[in-house]
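Each chain is listed here by its residues.
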Protein chains: 2
Amino acid sequence: MPSQKAPRLEVCFSPLLLDLYDTENAIVVIIDVFRATSTIAAALHNGAKCVIPVSSVPECIALGEQIKNSITAGERDGKVAEGLQYGNSPSEYPRSFIAGKTLVLTTTNGTRLLHMVKGAAAIITGSFVNLTAVCEYLKAQNHNVLLACASWKDRFNLEDSLFAGAVIDAVAEHFDINCDSSRAALHLYQRAKGAPVIDFLKDSAHYLRLSAYGLESDMEYCATPDLHPVVPILHGNELVVYKG
Amino acid sequence: MPSQKAPRLEVCFSPLLLDLYDTENAIVVIIDVFRATSTIAAALHNGAKCVIPVSSVPECIALGEQIKNSITAGERDGKVAEGLQYGNSPSEYPRSFIAGKTLVLTTTNGTRLLHMVKGAAAIITGSFVNLTAVCEYLKAQNHNVLLACASWKDRFNLEDSLFAGAVIDAVAEHFDINCDSSRAALHLYQRAKGAPVIDFLKDSAHYLRLSAYGLESDMEYCATPDLHPVVPILHGNELVVYKG
């Protein structure tokens, strides 16, 4: 029997580079470690019915009014946005609060990227809090993968690329990888490995920015591996837990 | 006396990201290690009168016809392009051949990026062959800097970002650096440091691509620090040696 060719894995460092990649034939992993994709995993793992990512505050308010038993959430400049109920912190969504509810969430970078991806085989979201679950899912699918970093206002960021490196570190032998972004992401992860993830990120631009709002414990939460072992997958406009 | 604020240094990983940066108030360093900016440094160090970077083969031919004592050069797919005289290899331009001549050079990634930069305080070119000269120049200017990677068809590449990291490693204390691209580039260089640069690049996409054309010795040349200690600077449409 001829050996099967391994599927391809690539990394995209910025939404502005997305057109360089073939998303139509890939599973796309949306990565927005600080904090959208960490919060999505937390809410779903804690029993949220689904998470609906939306681009704007008015859209968030409108959907919240339409959907029964829903929560509207989103921040601008580190504060709950006017007209919304809750923020972007994963710690705001314990089971006692979010179970059975629909979370309508607006974030800037992660949501925008998610909506930019067209015609993917599947769209899932990843962060350190669901690292192993994402890796196991990708290994099981045996399909091309694009790890898509939300970045910060289209600029390369350290936390999303570090997460891409962590995924590659775990799944590399299952994929054909010939992409310098992937190599660089893996190098970053190999630099960080062996110490808590957050230590590597403490001089990143985003850490410094969010620290100014007192959000250090949030970021430590987002950088903790496997707190929320679920795979959020997009069905229509809803992120739900992948059931296999 | 109040201490002066250090100038800013940033790294841009792809021409597609260039608009995110303020090039108008910066010295822009064009980086195309394999091989445009290595060849430019070699030709100028070996006495070329100037190097004129052009975008297309027809433009290269036309300028070659207009300019006395000029050489036209450029490759497509690893071979001298039809209608041109020489290739992109830095080793093709020894002093015995190039001294006193004008080199009209067309390359895909590096030349395109150079022409995209508008209104910079200065445009210079860098590669490992002129690493220390570039660093000394940047330290002496005391001005904002953008290290601009030519990349490969707009995709992040390892060799140009590694060079950016090598520059940062040498000049960091003279600049204010709060940019995750710079942090990542420095991490890459710290991974590579202590061994020949080329060892780190041997599994890069560009190395693998150019190896298929038998260009391994060219790439080793391009990755050798300080073979050609000059700073090529753009005056009008000509790159000439910076004289201080």
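This is a predicted model, so every value here is computed, not measured.

**Quick word on the overall build of chain A**
The helix and strand inventory of chain A stands at ten helices and ten strands. Its C-alpha radius of gyration of 17 Å places chain A within 12% of the 18 Å reference for a compact globule of 244 residues. Taken over the C-alpha atoms alone, chain A extends approximately 55 × 40 × 30 Å along its principal axes. Split into buried and exposed, the 244 residues of chain A put 59% on the buried side. For chain A, the share of sequence-separated contacts (at least 6 apart) that also reach a separation of at least 24 residues comes to 76%. Counting 20 positive and 26 negative side-chain charges, chain A places the centres of these two groups 2 Å from one another.

**Details of the packing of aromatic side chains**
Taken as a whole and judged by the stated rule, the model has twelve aromatic pairs over all chains. With a centroid separation of 5.1 Å and 85 degrees between ring planes, the pair formed by Phe-13 of chain A and Phe-156 of chain B is classed as edge-to-face. With Phe-13 of chain A in the loop between strand S1 (9-12) and strand S2 (27-31) and Phe-156 of chain B in the loop between strand S8 (145-149) and helix H6 (158-171), this pair bridges two chains. On the accessibility criterion, Phe-13 of chain A (4% relative accessible area) is buried. Ring geometry for Phe-128 of chain A and Phe-163 of chain A: centres 5.3 Å apart, planes at 85 degrees, overall edge-to-face.

**A look at the packing of helix H5 (residues 131-141) of chain B against H6 of chain B**
Residues and elements named next belong to chain B. Interhelical geometry of H5 versus H6 gives an angle of 50 degrees and a closest axis separation of 10 Å. On the basis of the axis angle, H5 is oblique to H6. Along this stretch, H5 crosses H6, giving a crossing that reads as right-handed. Two secondary-structure elements touch here, H5 through Leu-131, Cys-135, Leu-138 and Lys-139 and H6 through Phe-163, Ala-166, Val-167, Ala-170 and Val-171. Residues of the contact of H5 with H6, tallied by class, amount to eight nonpolar, no polar and one charged.

**Quick notes on the interface of chain A and chain B**
Contact residues are listed per partner, giving 28 residues for chain A and 28 residues for chain B. Surface buried jointly by chain A and chain B totals about 2,500 Å² across both partners, of which 58% is contributed by carbon and sulfur atoms. Viewed at the interface, chain B and chain A are joined by four salt bridges. Among the salt bridges present, the one from Glu-10 of chain A reaches Arg-155 of chain B, with a minimum N-O distance of 2.9 Å. Counting only elements with at least two residues in the side of chain A that touches chain B, the list comes to helix H6 (158-171), helix H7 (180-192) and helix H9 (205-211) of chain A. Looking at the side of chain A that touches chain B element by element, the count peaks at eight residues for H7 of chain A. Taken together, the residues that form the side of chain A that touches chain B break down as twelve nonpolar, seven polar and nine charged.

**Topic: the pairing of strand S4 (residues 70-76) of chain A**
Residues and elements named next belong to chain A. Burial runs high along S4: six of the seven residues are buried. Where S4 meets strand S6 (residues 102-106), five bridges bridge the pair, whose relative direction is parallel. What sits directly across from Thr-72, in S6, is Val-104. Sheet topology places S4 next to strand S5 (residues 79-80); two bridges connect them, and they run antiparallel. Within the sheet, the bridge partner assigned to Arg-76 lies in S5 and is Lys-79. Turn length for the S4-S5 hairpin, with the two strands adjacent in sequence and antiparallel, is two residues, and the turn residue Asp-77 shows positive phi of about 55 degrees.

**So, the side chain of Ser-161 of chain A**
All names here are of chain A. If you trace the backbone, Ser-161 turns up in helix H6. Given the relative accessible area of 0%, Ser-161 is considered buried. Excluding its chain neighbours within four sequence positions, the residues that come into contact with Ser-161 are Phe-13, Cys-149, Phe-156, Ala-185 and Leu-188.

**Regarding the relation of the copies chain A and chain B**
Screw-axis analysis of chain A against chain B gives a translation of 0.0 Å along the axis, an RMSD of 0.0 Å, and a rotation angle of 180 degrees. Such a combination of turn and shift is consistent with a two-fold rotation axis. In this assembly the copies share their binding face: 100% of the residues contributing to the interface of chain A also contribute to that of chain B.

**Side note on the confidence of the model for chain A**
Averaged over every residue, the pLDDT of chain A is 95; the share at 70 or more is 99%. Here the complex is predicted with pTM 0.96, and the ipTM for its interfaces comes to 0.95.

**A closer look at the pattern of salt bridges**
Under the criterion given, the structure shown has 20 salt bridges over all chains. We note a salt bridge from Arg-112 of chain A to Asp-154 of chain A, for which the minimum N-O separation is 3.2 Å. On the criterion of sequence distance, the pair formed by Arg-112 of chain A in helix H4 (residues 109-116) and Asp-154 of chain A in the loop between strand S8 (145-149) and H6 is long-range, its members being 42 residues apart. Each of Arg-8 and Glu-10 of chain A together with Arg-155 of chain B takes part in a single network of salt bridges with overlapping partners.

Procedures and definitions
Residues numbered from 1 in each chain as written. Chains lettered and ligands numbered in written order. Predicted model: local features only at pLDDT ≥ 70, side-chain atom pairs only at ≥ 80, totals over all residues. Heavy atoms only, no water. Helix = DSSP H or I, 4+ residues; strand = E, 2+ residues; numbered from the N terminus. Rg over C-alpha atoms; globule rule 2.2 N^0.38 Å. Buried < 20%, exposed > 50% of the residue type's maximum accessible area, 1.4 Å probe, protein only. Contact = heavy atoms within 4.5 Å. Lys, Arg positive; Asp, Glu negative; His and termini not counted. Charge placed at Lys NZ, Arg CZ, Asp CG, Glu CD. Phe/Tyr/Trp six-rings, centres within 6.5 Å; stacked < 30°, edge-to-face > 60°. Axes fitted to C-alpha atoms, helices over the stretch in contact; angles between N-to-C directions. Parallel < 35°, antiparallel > 145°, perpendicular 65-115°, else oblique. Left-handed = near helix turned anticlockwise from the far one by under 90°. Nonpolar A, V, L, I, M, F, W, Y, C, P; charged D, E, K, R; others polar. Buried area = accessible area lost by both parts, 1.4 Å probe. Salt bridge = Lys/Arg side-chain N within 4 Å of Asp/Glu carboxyl O. Pairing = 2+ DSSP bridges. Least-squares fit on C-alpha atoms with pLDDT ≥ 70 in both. pLDDT = per-residue confidence, 0-100.

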